[in-house]
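Descriptive analysis of the structure
Listed below, chain by chain, are the residues.
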Amino acid sequence: MAENGEEKLLAVARHIAKTLGHNESMADDILQIFSTFDGRFSREKLSEGQPGEDGSTVSALERALNSLDSQISRFVAADQPIWSDPADSAAFLDAIDELVNITREWSHLANEKPVGACLARADEMLQQAMFRVEEEFRSLMERGAESFAVSNHRLDSDEDEEEVEGDDDYDGDQIPVAKPLTDYDLIIDALPSATINDLHEMAKRMLAAGFGKSCSHVYSACRREFLEESLSRLGLKKLSIEEVHKMTWQELEDEIERWIKSANVALRILFPSERRLCDRVFFGFSSAADLSFMEVCRGSAVQILNFADAVAIGSRSPERLFKVLDVFETMRDLMGEFESVFSDQFCLVLKNEAVTIWKRLGEAVRGIFMELENLIRRDPAKAAVPGGGLHPITRYVMNYLRAACRSRQTLEQVFEESNGVPSKDSTLLTVQMSWIMELLESNLEVKSKVYKDPALCYLFLMNNGRYIVQKVKDGDLGLLLGEDWIRKHNAKVRQYHSSYQRSAWNKMLGLLKVDNTAAGMNGLGKTMKEKLKQFNVQFDETCKVHSTWVVFDEQLREELRISLARLLLPAYGNFIGRFQNLGDLGKGKNADKYIKYGVEDIEACINELFKGSTTARK
């Protein structure tokens, strides 16, 4: 019994010497120090039991392996999960640790045949143990994911989902209803803390034993499935770029809405939560954590990026601008998350791809504005708008630009990132908007030439010019183009007003001028009678035609009527007053033959102008 105790004491001394000694020389020095303190630690006795000196120590190695084999085999063959019992899992890990330590301790003698055979057996035992650890790791990952699936975290609730009120007639248990997610500033504990600790202990053994790839593969497969299922519940579909491009516009709009919600949840909640879980499970093994995280998130991240890319390289039709801006803004707002979550060496390509697609979306926005320019240029000038009213292209472009300017800050950013050079006093967005306005005005001038009547041509330009100015003044577009632009275009509208008046009414006004050079009273009377006849005919015809013309803006219509009244009424009043003073010719029935309208009648007719026909008012 005493001999056994001394053997154990010597074995401990040898183990201490080998553990502390970084090489054989240091170990010998430590053994020499031991021998000076106790005679039992003589150099001869301590050297007797060292590995490789005789077969007794190999036998000890075999006995140790037999003991560990018995323990490990019992666990490997167990039908029940080892980690269902904390005592069993601890004993299993201790056995693995002891096996690894023995292998490491004897590895320097692997070239000796008996020891080499034992080490080969130890490797086989370790491999069997790792297979079971891998199985337990997978089982624990799956059980943890299942427990999370029925937890309180719900990310698939629509924002318009209402909480169900209890029904008085319903006698069963109350059904919990998920509330909509409104706060993205949270991290999900995807697995229970105890489970994470167990997974960490398993991962640590697998990585130490050289089974890191297998561990990472099992981990990634389980978490990747959970992540993909989470995105699916959020409504995000796995779509190829071709499938996105084949969608109808309504389908694509709906898909973009789902994508925005999914991208926000993924980048702000799911991916950061997976990052933290990886770091905890693979704590102390940063490379394994980074690789596992990349394998978990890569598919879902690529799915999110591919959809954004499909939108970026899709049709540049102007009506797509607002949804493309939504995708651009979402990517912009998530760039910080892309950079923080995908910052390691394995995920760098995902971060770079996100930046590339974001810039491509900016190019798409600029391309849509180019397509708007082409649409304006190509709009035909064939059919005239009835009554000189508002042209559809004017209404479309101005409402389009007003709506676009609600995203003014985003558009400023988009155009500043282009290769253009802003002027001293204007941003690139201002330059772009000014250019579109110029194209629209040029297009309208061409369209005005369709009218054969010059007066109607000017009325058309006045109508459309007034509409343009009003739309600019009432929104952010005016802030972009500036007060000077508005003043200049108000002056243009006034010029069109003057041109209309001159073209339509100046000739009639000329008839109301009295020629004092006419010879005698009879000559003057004859001239004035002829002028009144001509005035009546022209006034009738003008009022008949111009009453079918349209001025859409009530204020502009009133301004035109007041202007015409100020122009005609004094001249007409003076003319018929002079005519009535021509003795018998301008009195009684003689006067009624020629004076068809009183001043009030002229004013009444003017007030009926520009009401437009049913077609023209549309």
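Further up the page is the structure itself.
Everything numeric in this text was worked out from a predicted model, so none of it was measured.

The rules behind these values
- The residue numbering used here restarts from 1 in each chain and proceeds along that chain's sequence as written.
- For a predicted model such as this one, the threshold for reporting local features is a pLDDT of at least 70, and the threshold for listing and counting side-chain atom pairs is 80 or more; totals across whole chains, interfaces and linings nevertheless cover every residue.
- Water and hydrogen atoms play no part in the side-chain values, which are based on all heavy atoms of the structure.
- Per the convention used, a helix needs a DSSP run of H or I reaching at least four residues, while a strand needs a run of E reaching at least two, with both numbered from the N terminus.
- Exposed residues in this analysis have more than 50% of their type's maximum accessible area, buried residues have under 20%, and partly exposed residues fall in between, with area computed by a 1.4 Å probe over protein chains only.
- It only takes one pair of heavy atoms within 4.5 Å for two residues to be counted as in contact.
- Areas reported here follow the Shrake-Rupley algorithm with a probe of radius 1.4 Å; residue values treat only the protein chains shown as occluding.
- Counted as salt bridges are all cases of a side-chain nitrogen of Lys or Arg within 4 Å of a carboxyl oxygen of Asp or Glu.
- Axes here mean lines fitted to C-alpha atoms, for a helix over just the part in contact, with angles spanning 0 to 180 degrees between N-to-C directions.
- Angles are sorted into four bins: roughly parallel if under 35 degrees, roughly antiparallel if over 145, roughly perpendicular if 65 to 115, and oblique for all others.
- A crossing counts as left-handed when the near helix is turned anticlockwise from the far one by less than a right angle, and as right-handed when that turn is clockwise.
- Gly is put with the polar residues, along with every residue not named as nonpolar or charged; the nonpolar set is Ala, Val, Leu, Ile, Met, Phe, Trp, Tyr, Cys and Pro, and the charged set is Asp, Glu, Lys and Arg.
- Expected helix span is computed as 1.5 Å times (number of residues minus one).
- What qualifies as a polar contact is a pair of N or O atoms within 3.5 Å, subject to a donor-acceptor requirement within protein and to the restriction that residues adjacent in sequence count only when both atoms come from side chains.

1. Some points on the overall build of the protein
When helices and strands are counted, the protein shows 23 helices and 0 strands. The proportion of buried residues among the 618 residues of the protein is 44%. Within the protein, counting contacts between residues at least 6 apart in sequence, those at least 24 apart form 77% of the total. Carbon and sulfur atoms provide 49% of the accessible area of the protein, an area that totals close to 32400 Å².

2. Observations concerning unusual backbone geometry
Although it is not a glycine, Phe610 sits at a positive phi angle of roughly 65°. Counting through the fold element by element, Phe610 comes out in the loop between helix H22 (599-606) and helix H23 (614-617). Look at Phe610 and you get buried, because its relative accessible area is 0%.

3. Here we look at the pattern of salt bridges
Evaluated as defined, the whole model comprises 31 salt bridges. Glu201 is the partner of Arg205 in a salt bridge, and the nearest nitrogen-oxygen pair spans 2.4 Å. On the criterion of helical spacing, the pair formed by Arg205 and Glu201 is a turn pair, its members being 4 residues apart in helix H7 (residues 193-208). Under the relative-accessibility criterion, Arg205 is labelled buried at 12%. Looking at Glu201, the relative accessible area reads 25%, which means it is partly exposed. Between Arg223 and Glu274 there is a salt bridge, with its nearest N and O atoms 2.6 Å apart.

4. A word on the packing of helix H11 (residues 286-312) against helix H13 (residues 348-378)
Where H11 meets H13, the closest approach of the two axes is 9 Å, and the angle between their N-to-C directions is 15°. Classified by the interaxial angle, the pair formed by H11 and H13 is roughly parallel. Considering only the axes of H11 and H13, their crossing is left-handed. Here Arg298, Ala301, Val302, Leu305, Ala308, Asp309, Val311 and Ala312 of H11 lie close against H13, whose contacting residues are Leu350, Glu353, Ala354, Ile357, Arg360, Leu361 and Ala364. A class-by-class count of the residues in the contact of H11 with H13 yields 11 nonpolar, no polar and 4 charged.

5. With respect to helix H20 (residues 554-580)
With 27 residues, H20 extends 37 Å from end C-alpha to end C-alpha; this agrees with the ideal 39 Å at 1.5 Å per step. Residues Leu556, Leu560, Arg561, Leu564, Ala565, Leu568, Leu569, Tyr572, Phe575, Ile576 and Phe579 constitute the buried set of H20. Where H20 starts, the residue carrying a side-chain oxygen 3.3 Å from the main-chain nitrogen of Gln555 turns out to be Asp553.

6. With respect to the environment of Ala384
Note that Ala384 resides in the loop between H13 and helix H14 (392-404). When its relative accessible area of 37% is taken as the criterion, Ala384 is described as partly exposed. Spatially, the C-alpha atoms of Ala384 and Lys449 are 9.1 Å apart, while their sequence positions differ by 65 residues. With residues up to four places along the chain from it excluded, the contact list for Ala384 reads Val450 and Tyr451.

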